[in-house]
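A structural walkthrough
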Amino acid sequence: VQLQAFGGGLVQPGGYLRLSCEVSGRTASNFAVGWFRQAPGKERQFVSAIRWIGGTTFYHDSVKARFTISRDSAKNTVYLQMNSLKPEDTAVYYCGGGGGLIVSSIRTPTQYSYWGQGTEVTVSS
C-alpha cells in the first residue's frame, strides 16, 4: 500500500486549502486513512480520519468545526478540506493508512502501517 499527499501551500489566516491523499495497492476491508500534522519541535498530532468502508469520520476537537474529511472511492483518494485556517494550523501534514484500527487507536500515529510523504501547510500573513 502506498499513499501520496498533495495540496499544501502558503495561505493567509482565514483562508482555505484542500489536501489530497492518493491510496494505491490492496487495502484491507477495514482500512482507514488518517491525517496527522507535525509542527517543528512537536510530536505528530492526530487531525482527522475516515474509514474506507462506511465513511465514519473522526476529528480532533481543535479542527472539528473547520475541517472536513471525505473520500472518493472511485479515485482512491481521501481529501481534507481545511477552512478558516489559523497560524497554529501551520505544520507538515501526513496521511497514514492502516487496517484493523479500532476507535481507541485510530487517533494514534504508531497504529498506522503506511505513510505518505508530508505536505507543508503554512498559515501566515
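In this text the structure is predicted, and so the values were computed from the model without any measurement.

1. Considerations on the state of the cysteines
Working definition: the covalent bond between the sulfur atoms of two cysteines is a disulfide. In this structure the tally under the stated criterion is one disulfide. Two residues, C21 and C95, share a disulfide whose sulfurs are 2.2 Å apart. One disulfide, between C21 and C95, carries an S-S torsion of 75° and so falls in the right-handed class. Here C21 is found in strand β3 (residues 17-24), whereas its partner C95 is found in strand β9 (residues 91-98), with 74 residues between them in sequence.

2. Some thoughts on the pattern of salt bridges
Applying the stated criterion to the full structure yields three salt bridges. Note that D89 and R66 form a salt bridge whose closest N and O atoms lie 2.7 Å from each other. One end of the pair, D89, is in the loop between β8 (77-82) and β9; the other, R66, is in the loop between β6 (57-59) and β7 (67-72), with 23 residues separating them in the sequence. Across the pair, R66 and D89 agree in class, each one buried.

The rules we used
- Residues numbered from 1 in each chain as written.
- Predicted model: local features only at pLDDT ≥ 70, side-chain atom pairs only at ≥ 80, totals over all residues.
- Heavy atoms only, no water.
- Disulfide = S-S within 2.5 Å.
- Helix = DSSP H or I, 4+ residues; strand = E, 2+ residues; numbered from the N terminus.
- Salt bridge = Lys/Arg side-chain N within 4 Å of Asp/Glu carboxyl O.
- Buried < 20%, exposed > 50% of the residue type's maximum accessible area, 1.4 Å probe, protein only.

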